[in-house]
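Fold and contact review
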Amino acid sequence: MLKFIDIGANLTDPMFQGIYNGSNKHQPDLPNILERSWTGGLEKIIITCGTIFDCDPALEIANRDDRLFMTVGCHPTRCGEFEADPDGYFISLCNKIDENREKVVAIGECGLDYDRTNFCEKDVQKKYFEQQLNLAKKYDLPLFLHCRSAHEDFLEILSRNLDKIPKRGVVHTFDGTAEDARKLIELGFYVGINGCSLKTEENLQVVAGIPDDRIMVETDSPWCEIRPSHAGSKHVQTKLPAVKKKEKWDKDMLIAGRCEPVMIRQVLEVLAGVKNKPIEDLAQQYYENTLKMFFPKEINQ
């Protein structure tokens, strides 16, 4: 069986408690989702935290299973949370890492998002993105990065602070240009690919050209599924049974429109299709890439 590590899953999202837009549609089903994940070849899952307030719920989930891990950091759209007490917020992030070193494998999700400056203005995003790079240096951890329509500022901040980022990191949900990818790789970073990276023919051309030794795969669950309208869908081989209406929930079936970690295989199938390479070879390469960055102690075991 192919082995996978999902480097980015938002398992604290209310959808996994059966809540959609504030409305309860079905019973919580995270245990079912995780069981599907393990059965489907997932070896590990890294739970994404986008704010200090995600950390305790993520930790509660991660402590249930030795295969679950987490990030600690503040998403660019949430960086306004720093403003009331910048030092206090930073110390709170440090405390979460200090108290949970065996579960925290990356700093993030952090970065820049200029598509959603209505949530947090650019200058605030840049200030606290750069501040969080100090966490990477302090704890010698890689970054789990977010970049939307901000590549120039994003690269400038990373380039100027490389001495603070010894382990570099991965830019998740990558949907930039081939040149964006090249520049990130030159700086030592990896590229995270999920369904949102595979929407258009241009996206497919870009990912086809990214070196396999710089790619990691993810789902960004419950977001970023590969939809039938996406260019990448023509390469998907694995069809997973799903109910179309949330109210028709079945513990043994997925819900249409809600991505799950088990769907990571579909991401691999698209990559194998666009690169014209055996999925087994790519799965092993991406698995080893991920171990090298987030679980280096396991490489020689």
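Residues numbered from 1 in each chain as written. Predicted model: local features only at pLDDT ≥ 70, side-chain atom pairs only at ≥ 80, totals over all residues. Heavy atoms only, no water.

Going by what an unreviewed UniProt entry lists, the protein chain is known as Deoxyribonuclease TATDN1 and is assigned to Culex pipiens pipiens. UniProt, in the comment section headed Sequence similarities (unreviewed entry), describes the protein chain in these words: "Belongs to the metallo-dependent hydrolases superfamily. TatD-type hydrolase family." Check the Function (unreviewed entry) section of the UniProt entry for the protein chain; it says "Deoxyribonuclease which catalyzes (in vitro) the decatenation of kinetoplast DNA, which are circular DNA catenated to each other, producing linear DNA molecules. Plays an important role in chromosomal segregation and cell cycle progression during eye development probably via its DNA decatenation activity." (UniProt positions renumbered as here; feature names shortened; annotations may be inferred.)

Before going further, it helps to spend a moment on helix 9 (residues 279-294). With 16 residues, helix 9 should cover 22 Å at 1.5 Å per step; its first-to-last C-alpha distance of 22 Å lies within 8% of that length. For helix 9, the complete set of buried residues consists of Ile 279, Leu 282, Ala 283, Tyr 286, Tyr 287, Asn 289, Thr 290, Leu 291, Met 293 and Phe 294. (Helix = DSSP H or I, 4+ residues; strand = E, 2+ residues; numbered from the N terminus. Expected span 1.5 Å × (residues − 1). Buried < 20%, exposed > 50% of the residue type's maximum accessible area, 1.4 Å probe, protein only.)

Relative to the helices and strands, His 151 is located in helix 5 (residues 151-160). Look at His 151 and you get buried, because its relative accessible area is 16%. Between the alpha carbons of His 151 and Pro 31 there is a distance of 37 Å; along the sequence they are 120 residues apart. The residues contacting His 151, other than those within four sequence positions of it, are Phe 174, Gly 176 and Asp 180. (Contact = heavy atoms within 4.5 Å.)

A word on the packing of helix 5 against helix 6 (residues 178-186). Helix 6 packs onto helix 5 with a crossing angle of 5° between their chain directions and a minimal axis gap of 11 Å. By the angle between their axes, helix 5 is roughly parallel relative to helix 6. Contacts between helix 5 and helix 6 involve His 151, Phe 154, Leu 155 and Leu 158 from the first element and Asp 180, Lys 183 and Leu 184 from the second. A breakdown of the residues in the contact of helix 5 with helix 6 according to their chemical character gives 4 nonpolar, 1 polar and 2 charged. (Axes fitted to C-alpha atoms, helices over the stretch in contact; angles between N-to-C directions. Parallel < 35°, antiparallel > 145°, perpendicular 65-115°, else oblique. Nonpolar A, V, L, I, M, F, W, Y, C, P; charged D, E, K, R; others polar.)

Before going further, it helps to spend a moment on the packing of helix 3 (residues 86-99) against helix 4 (residues 122-139). For the pair helix 3 and helix 4, interaxial distance at closest approach is 11 Å and the crossing angle is 35°. Classified by chirality, the crossing of helix 4 by helix 3 is right-handed. Here Pro 86, Phe 90, Leu 93, Cys 94, Ile 97 and Asp 98 of helix 3 lie close against helix 4, whose contacting residues are Tyr 128, Gln 131, Gln 132, Asn 134, Leu 135, Lys 138 and Tyr 139. Split by residue class, the contact of helix 3 with helix 4 holds 8 nonpolar, 3 polar and 2 charged. (Left-handed = near helix turned anticlockwise from the far one by under 90°.)

Attention now moves to the state of the cysteines. Inspection of every chain in the model, using the stated rule, returns 1 disulfide. A sulfur-sulfur separation of 2.2 Å characterises the disulfide bridge that pairs Cys 196 with Cys 224. With the S-S dihedral at roughly -100°, the linkage between Cys 196 and Cys 224 falls on the left-handed side. Of this pair, Cys 196 sits in the loop between strand 9 (190-193) and helix 7 (201-208) while Cys 224 sits in the loop between strand 10 (215-217) and strand 11 (242-243), and the two are 28 residues apart along the sequence. Judged on exposure class, the residue Cys 196 and its partner Cys 224 are both buried. No disulfide involves Cys 79; its sulfur sits 4.2 Å from that of Cys 74, the nearest cysteine. (Disulfide = S-S within 2.5 Å.)

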